[in-house]
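# Observations on chain architecture
Read off the chains here:
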Amino acid sequence: MRTIDWDGGAVVIIDQVALPHELRTQRLTEVAELVDAIRRLAVRGAPALGAAGALGVVLAIDQGQREGWDDDGVAAAIEQVRSARPTAANLAWGVERVAALVPKGRDDVLAEALAVLDEDAAANRAIGERGADLLLGLCGGDGPIRVHTHCNAGALACVEWGTALGVVRSLHERGRLGRVLADETRPLLQGARLTAWELDRMGVDHRVVVDGAGPFLVARGETDAVVVGADRIAANGDVANKIGTYPLALAAARAGIPFVVAAPESTIDPATPDGASIPIEDRGDGEVLVIAGHRIAPEGSAALNPAFDVTPADLVTAIVTEARTIRPARGERPV
Ligand code: MRU
């Protein structure tokens, strides 16, 4: 099943907050429900947010018709979806692509939103194949390739298949995948909960490691390549991804192994010139200072909780999209 889909007037999502213990879906029929699901990370990951943005425009039109909103009311609801989270380029991209069709009417809007979903599914498969080809070339030999990944850039982060985990999937299908290391990904554990769940279902040999162990394991030669997704890629090739990605890129450069970013073209933002211009979401104290309902730090301590970091282009061996392979470390720019 798809991570996010449209069914009979509702956005249907796999509720990622419930995983890995329960695989359940949620039906969202109101804009506020979708915005809440995005903010709680019940639906998350840049490509899935692109799909959520696209379908959110349809929800806004439908709810507006039910509740008698005027054009300004619909526009305000669309803006709430667009700004629900700031870092992933795909969310605003999905909203804007589909909102441009609003003057043509609801049927055209829905058709465009569904096209966003289908295109993402196709793009992921192309990224997987291209990324697997690239890694086989970069790593050489004919043995299994061990991959280290961070956060969840799998089927759950997209409509289906996955970007970084799409590459892992393609290597697995070709019989060329070695052991996968999945960072647990503090503070919300997308690696331990979601990536491990996907790898387990694929039957892939994997280990969950704490984020702090990642760079050391790279240095110790435990992996052949680091492969991650992206939330926004600036025009110069700087890459924003889940907090904890940058140390892996540093470690990979030091160890002389490839650091590969797998992402659809829709994650590349021509309007963002460089990493310093990428808005980084700050998710506040609670996710860091409280674990499973229990405060773990003294009452007097506050936290800093940036949800993403920026890896500079010169540390990025390659960006693999559905259309091309860009080599930022060699000075190639996405835009
Ligand atoms: O906060 P999240 O879970 O939405 O962050 C997700 C990531 O950082 C992913 O690596 C990125 O969106 C790419 S998903 C294919």
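Residues numbered from 1 in each chain as written. Predicted model: local features only at pLDDT ≥ 70, side-chain atom pairs only at ≥ 80, totals over all residues. Heavy atoms only, no water.

Turning our attention to unusual backbone geometry. Between leucine 19 and the following residue, proline 20, the backbone shows a cis peptide bond with an omega angle of 10 degrees. Mapped onto the elements, proline 20 comes out in the loop between strand S2 (10-14) and strand S3 (25-28). In this structure, the amide linkage connecting arginine 186 to the following residue, proline 187, adopts the cis form with an omega of 0 degrees. The topology assignment puts proline 187 in the loop between strand S5 (177-183) and helix H7 (190-202). (Helix = DSSP H or I, 4+ residues; strand = E, 2+ residues; numbered from the N terminus.)

Time to look at the sheet that holds strand S11 (residues 268-269). Within the open sheet, the four strands sit side by side as S11-S8-S9-S14. Their pairing is mixed. The sheet is open, and its two borders are formed by S11 and strand S14 (308-311), each paired with just one other strand. Bridging between strand S8 (residues 232-234) and strand S9 (residues 239-242) involves two bridges; their strand directions are antiparallel. Paired with arginine 232 across the two strands is alanine 240, which belongs to S9. Contacting S9 and S14, helix H9 (residues 245-255) crosses the sheet at an angle of about 30 degrees to S14. (Pairing = 2+ DSSP bridges. Contact = heavy atoms within 4.5 Å. Axes fitted to C-alpha atoms, helices over the stretch in contact; angles between N-to-C directions.)

Counted according to the given criterion, the structure contains 25 salt bridges. Arginine 174 is the salt-bridge partner of glutamate 129, the closest N and O atoms lying 2.9 Å from each other. Of the two residues, glutamate 129 sits in helix H5 (residues 106-139) while arginine 174 sits in the loop between helix H6 (164-173) and S5, which places them 45 residues apart along the sequence. Residue classification places glutamate 129 among the partly exposed residues on the basis of a relative accessible area of 34%. Residue classification places arginine 174 among the partly exposed positions, given a relative accessible area of 31%. The residue arginine 179 makes a salt bridge to glutamate 222 at a minimum N-O spacing of 2.8 Å. Here the residue arginine 179 occupies a position in strand S5, and glutamate 222 occupies one in the loop between helix H8 (214-219) and strand S7 (225-228), the gap between them amounting to 43 residues. Judged by its relative accessible area of 23%, arginine 179 falls in the partly exposed class. Members of the salt-bridge network, linked through shared partners, are Arg2, Asp118, Arg125 and Glu160. (Salt bridge = Lys/Arg side-chain N within 4 Å of Asp/Glu carboxyl O. Buried < 20%, exposed > 50% of the residue type's maximum accessible area, 1.4 Å probe, protein only.)

Closest axis-to-axis distance for the helix H1 (residues 31-40)/helix H2 (residues 46-67) pair is 9 Å, and the angle between their directions is 160 degrees. In terms of their interaxial angle, H1 and H2 are classed as roughly antiparallel. Two packed elements cross with a definite hand, and for H1 against H2 that hand is left-handed. Across from Val31, Leu34 and Ile38 in H1, the residues of H2 making contact are Leu49, Ala52, Gly56, Leu59, Ala60 and Gln63. Here the contact of H1 with H2 is built from residues that sort into seven nonpolar, two polar and no charged. (Parallel < 35°, antiparallel > 145°, perpendicular 65-115°, else oblique. Left-handed = near helix turned anticlockwise from the far one by under 90°. Nonpolar A, V, L, I, M, F, W, Y, C, P; charged D, E, K, R; others polar.)

The subject of this paragraph is the side chain of asparagine 241. Within the secondary structure, asparagine 241 sits in strand S9. Of the polar contacts made by the side chain of asparagine 241, one reaches the side chain of threonine 245; its length is 2.9 Å. Excluding residues within four positions of it along the chain, asparagine 241 makes contact with Val228, Gly229, Ala230, Asp231, Phe308 and Asp309. (Polar contact = N/O pair within 3.5 Å; in protein donor to acceptor, adjacent residues only side chain to side chain.)

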